[in-house]
Structure formats: C-alpha cells, structure tokens
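# Chain and residue survey
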Amino acid sequence: MRRAINTDVPGAARDLGAGGAATGRHSGIRWLVLVAVAASVGLPQHASAQAERAQRGLTFARVNCARCHSIDKVSPSPLAVAPPFRTLHQRYPVETLEEALAEGIVTGHPTMPEFRLEPDQIGNFIAFLKTLEP
Ligand code: HEC
C-alpha cells in the first residue's frame, strides 16, 4: 500500500486583481477664470508730464527734506536755519542745483545730511521747486 503523500505547498498565490478596469470617466472641465481688470487708472489726461514730475518731486521732498525745510508756499521751515524751498530761487536759479544734487549736495551746515540724487529724481525735484516760484 502506498500512500501518496500530498505535499501541498500552500501557494501564496495572490490575486492581483488586474481585471476589472474602472470605467469611470473624468470629465476634464477646466474653469478658466479670466479676471479682466479694467483698471481705468485715473490720472486725467490733462495732468501734464511736468505736473507729474513736480508731484513726484514733492513726494521726494516730503519724505527727505520736509523735516527741516518748508516745502510749501507759506509755512516756516521746521528747522529755522533751513531755508524754505520757496526761497531757493531767490538765491539762485534752481537749475543750478542740478549739479549739486547729482554730485551730492553738501551745504555749509553739518545738520543737513548729504544727499545724492538720481537724474530723474533731480528733474522731479526741480520741477517741484518751480511750482513754488510765483
Ligand atoms: C536735517 C535737516 C535738513 C534736511 C533733512 C535737509 N536739509 Fe537742506 N538745509 C538744512 C539747513 C540747516 C540748511 C541751511 C544751511 C546753511 O545755510 O548753511 C539747508 C540748506 C539747504 C539748501 C541751500 C543751500 C545753499 O547753499 O543755499 C538747499 C538747496 C537744501 N538745503 C536742499 C535740501 C534738500 C534737497 C533736502 C532733501 C533732499 C534737504 N535740504 C534736506 C537742513 C536740512
């Protein structure tokens, strides 16, 4: 009598389940949001280029000079010894400041810091000074 010995090797056969592909459909809907910024940035056209430069010059002066110099047509300078900008043209044509501003304006007074301006800053600043002239 022979007994067949079945050596059953437990096969670790894994079902990888490669079968049933899901047929779900990706409907690729893309939302293109076009934000049309119709920014009618509104400086009126009649603001001349010169006026815009003067405006920038004023801003520059307000930031850098106004703590000592008067930058308007009426008020005294916060620092009394600093000449109001409206008086500069009485001393010299303001165009002559151009060079000084480019090279670094150094006045005879130690309290005023040295400033060195970029060419277009100078143009703006002088345009602004001219608005102070009567
Ligand atoms: C910390 C104070 C101070 C600041 C800031 C200042 N100044 Fe002055 N500035 C003075 C004083 C003080 C005088 C007068 C000096 C003198 O008469 O010797 C003067 C004089 C001047 C003069 C006349 C120079 C002359 O010889 O006639 C000019 C131009 C001038 N400043 C331009 C400027 C400009 C442009 C700025 C800004 C970018 C500026 N200052 C910022 C204090 C200041």
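Residues numbered from 1 in each chain as written. Predicted model: local features only at pLDDT ≥ 70, side-chain atom pairs only at ≥ 80, totals over all residues.

### Quick word on the overall build of the chain
Spelled out, the test is: Helical segments are the DSSP runs of H or I of at least four residues, strand segments are the runs of E of at least two, and each set is numbered from the N terminus. Using C-beta atoms placed from the backbone, we call a residue buried if 20 or more other C-beta atoms fall within 10 Å of its own, exposed if 12 or fewer do, and partly exposed for counts in between. Remark: residues whose backbone-derived C-beta atoms lie within 7 Å of one another are considered to be in contact.
A count of helical and extended segments in the chain gives four helices and zero strands. Here the chain holds 134 residues, and the buried ones make up 12% of them. Within the chain, counting contacts between residues at least 6 apart in sequence, those at least 24 apart form 49% of the total.

### Side note on the nonpolar core
Threshold: Put simply, a nonpolar core is a cluster of buried Ala, Val, Leu, Ile, Met, Phe, Trp, Tyr and Cys residues tied together by C-beta atoms within 7 Å.
Ala54, Leu58, Ala61, Ile71, Phe85, Leu117, Phe125, Ile126, Ala127, Phe128, Leu129 and Leu132 form the largest nonpolar core, which has 12 residues in total. Contributions of two or more residues to this core are made by helix H1 (49–64) and helix H4 (119–132). Of all the elements, H4 adds the most residues to this core, at six residues. With residues near it in sequence (within four places) discarded, Leu129 still touches Phe85, Leu88, His89 and Val94.

### Side note on H1
As a reminder of what qualifies: Here a helix's expected span is defined as the number of its residues, less one, multiplied by 1.5 Å.
Relative to the 22 Å expected for 16 residues at 1.5 Å per residue, H1 spans 22 Å between its end C-alpha atoms, a close match to the ideal helical length. Packed against the buried residues of H1 are H4.

### Topic: H4
Counting along an α-helix, one turn takes 3.6 residues, and residues three or four places apart therefore face a common direction. In this model H4 runs 20 Å from its N-terminal to its C-terminal C-alpha over 14 residues, within 8% of the 20 Å that 1.5 Å per residue would give. Within the sequence span of H4, burial applies to Asn124, Phe125, Ile126, Ala127, Phe128, Leu129 and Leu132.

### Comments concerning the packing of H1 against H4
Where we set the bar: Geometry is summarised by axes, namely lines fitted to C-alpha atoms with helices restricted to the contacting stretch, and by angles between N-to-C directions that run from 0 to 180 degrees. When describing relative orientation, an angle under 35 degrees is termed roughly parallel and one over 145 degrees roughly antiparallel, while 65 to 115 degrees is termed roughly perpendicular and anything else oblique.
With their axes 7 Å apart at the nearest point, H1 and H4 run at an angle of 95° to one another. Taken together, the axes of H1 and H4 are roughly perpendicular relative to one another. Seen from H1, the contacting residues are Gln50, Arg53, Ala54, Arg56, Gly57, Leu58, Phe60 and Ala61; seen from H4, they are Gln121, Gly123, Asn124, Phe125, Ala127, Phe128 and Thr131.

### Brief notes about the environment of Glu103
Along the chain, Glu103 turns up in helix H3 (residues 97–103). Expressed as a C-alpha distance, the spacing of Glu103 and Glu114, which sit 11 residues apart in the sequence, is 9.8 Å.

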